[in-house]
Amino acid sequence: MPTFVLPEAGSQLVASTLSPLTMQMESLNSDQMASKAQQIWAMLDDMAENDPAAYQKFIDQQMKEGRDNMTLPEPHMCVLVTMCTKPPKKLYINFCSWKRVPEPKSPQDPVPVTGIPITHEESQEGSFALTSVAFNPQVLEEYGRNAKNPVDGDTLIQLALDYIEAQCNVKVHRTYTVLSKDILFKGDFDHVRLQFKNVFKRKEPSSGEGREQEDVLGSIDTENLLHQILNISGSQKISDKKTVNSVLQKNKDKKLIEEIKDIKLTTPKYSLETVNMRTEKHLVLKVELCNVNSVSQCELDISEDDVFLLVPGLYELKVKLPNCINDESAKAKFCKKTSTLTVTMPFKY
């Protein structure tokens, strides 16, 4: 996992990326996964029967972690720097607070950080560049806008600049301006959130179409999950095979996993057209999503030749695009009044 060290000598604050390409994931085959699942379900079944209080504690803990994984990034502050280009160009950096980004394990460990690609925008004042980075809320509380020590605040910003330079292959000047509290972010923050959701996606190797599926900071750590169950229930270490086997033997005749029938999802109404915007051609996809109230309900994957939209429990849509588009510059907006999602995608030349 790559690490970015600050230029200050002796500094302890370094960053580790959370790029899906560098995440370490368990490589278990289907038989191993089935065995692990059987162990987990058996242990939970035994706990629920013999220690309901411990079972409830475990469920509450997993629910809290699940809620944290479902939260969206929140704006914390916006920093303005200048890119080393000819001519120089303004770069706005949104610093976001996100519970999905873990805390550093110790003061000596790297600080996890993730980000999204740089986009180029136009405004009445001229063109500028835009990107966003996300840290755990505890990191921003200590090192962010309200850091007690100004040196700590500068350390965090310099660390973010190191990350952006390495990930986006750009150079920026190290002088910066922290925008006022009235300007916590630049750009369309709904679009920023959608881009961050794509950070934790990985390719599904068995799929011929290469459809992506969400990966919550790596795959499930089944061994750690079994440890949690045993620790909460007061049992011995997971390496004690007698403990596991005794529970499995006790529950071998019980139905541990119940088949859940697939819910048939509806294909929503949509339109796709080519629109001229300034000097570029764009594909504009409009999707009618009745009973959808927020963009956070939508899972959107955009590639250069297709768009996949999933609203769990409601809609599923896959659209093959007639032209290749620049997926990194695509933008999505959701209108609550009409429950319509609009995706704007510039042609790839």
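Before reading on, note that the structure itself is shown above.
Bear in mind the structure is a predicted one, so any value in this text is a computation, not a measurement.

A.B. asks: I'd like a description of the sheet that holds strand S17 (residues 340–346), backed by residues and values.
C.D. replies: The sheet built from four strands is open, its strands ordered S11-S12-S17-S16 with antiparallel pairing. The open sheet has two edge strands, strand S11 (270–277) and strand S16 (331–335), and neither has a second partner. Each strand axis lies, on average, 20° off the axis of its neighbour in the sheet, ignoring direction. When S16 meets S17, the two strands line up antiparallel, connected through five bridges. Residue pairing for S17: Ala-332 is matched across the bridge by Val-343.

A.B. asks: Residues and numbers for the sheet that holds strand S13 (residues 299–302), please.
C.D. replies: Taking strand neighbours across the sheet as the criterion, the three strands line up as S13-S14-S15 in an open arrangement whose pairing is antiparallel. Two strands bound the open sheet, and with one partner strand each, they are S13 and strand S15 (315–320). Pairwise comparison of adjacent strand axes, ignoring direction, gives a mean angle of 5° for this sheet. By the bridge criterion, six bridges tie strand S14 (residues 306–311) to S15 in an arrangement that is antiparallel. Residue pairing across strands places Phe-308 opposite Lys-318, the latter belonging to S15.

A.B. asks: Residue-level account of the packing of aromatic side chains, with values.
C.D. replies: For the structure on display, the rule yields four aromatic pairs. When the centroid spacing of 5.4 Å and the interplanar angle of 90° are considered together, the rings of Tyr-92 and Phe-128 count as edge-to-face. Of this pair, Tyr-92 sits in strand S4 (residues 89–97) while Phe-128 sits in strand S7 (residues 126–135), placing them 36 residues apart in sequence. The residues Tyr-92 and Phe-128 share a single accessibility class, namely buried. Where Phe-185 meets Phe-189, the ring centres are 5.0 Å apart and the plane angle is 50°; that geometry is what we call tilted. Relative accessible area serves as the criterion here: at 33%, Phe-185 is assigned to the partly exposed category. Note on Phe-189: relative accessible area 8%, which makes it buried. In this structure, Lys-186 packs its charged tip against the face of Tyr-92, placed 4.8 Å from the ring centre.

Cut-off values and rules
- Residues numbered from 1 in each chain as written.
- Predicted model: local features only at pLDDT ≥ 70, side-chain atom pairs only at ≥ 80, totals over all residues.
- Heavy atoms only, no water.
- Pairing = 2+ DSSP bridges.
- Helix = DSSP H or I, 4+ residues; strand = E, 2+ residues; numbered from the N terminus.
- Axes fitted to C-alpha atoms, helices over the stretch in contact; angles between N-to-C directions.
- Phe/Tyr/Trp six-rings, centres within 6.5 Å; stacked < 30°, edge-to-face > 60°.
- Buried < 20%, exposed > 50% of the residue type's maximum accessible area, 1.4 Å probe, protein only.
- Lys NZ or Arg CZ within 6 Å of the ring centre and 35° of its normal.

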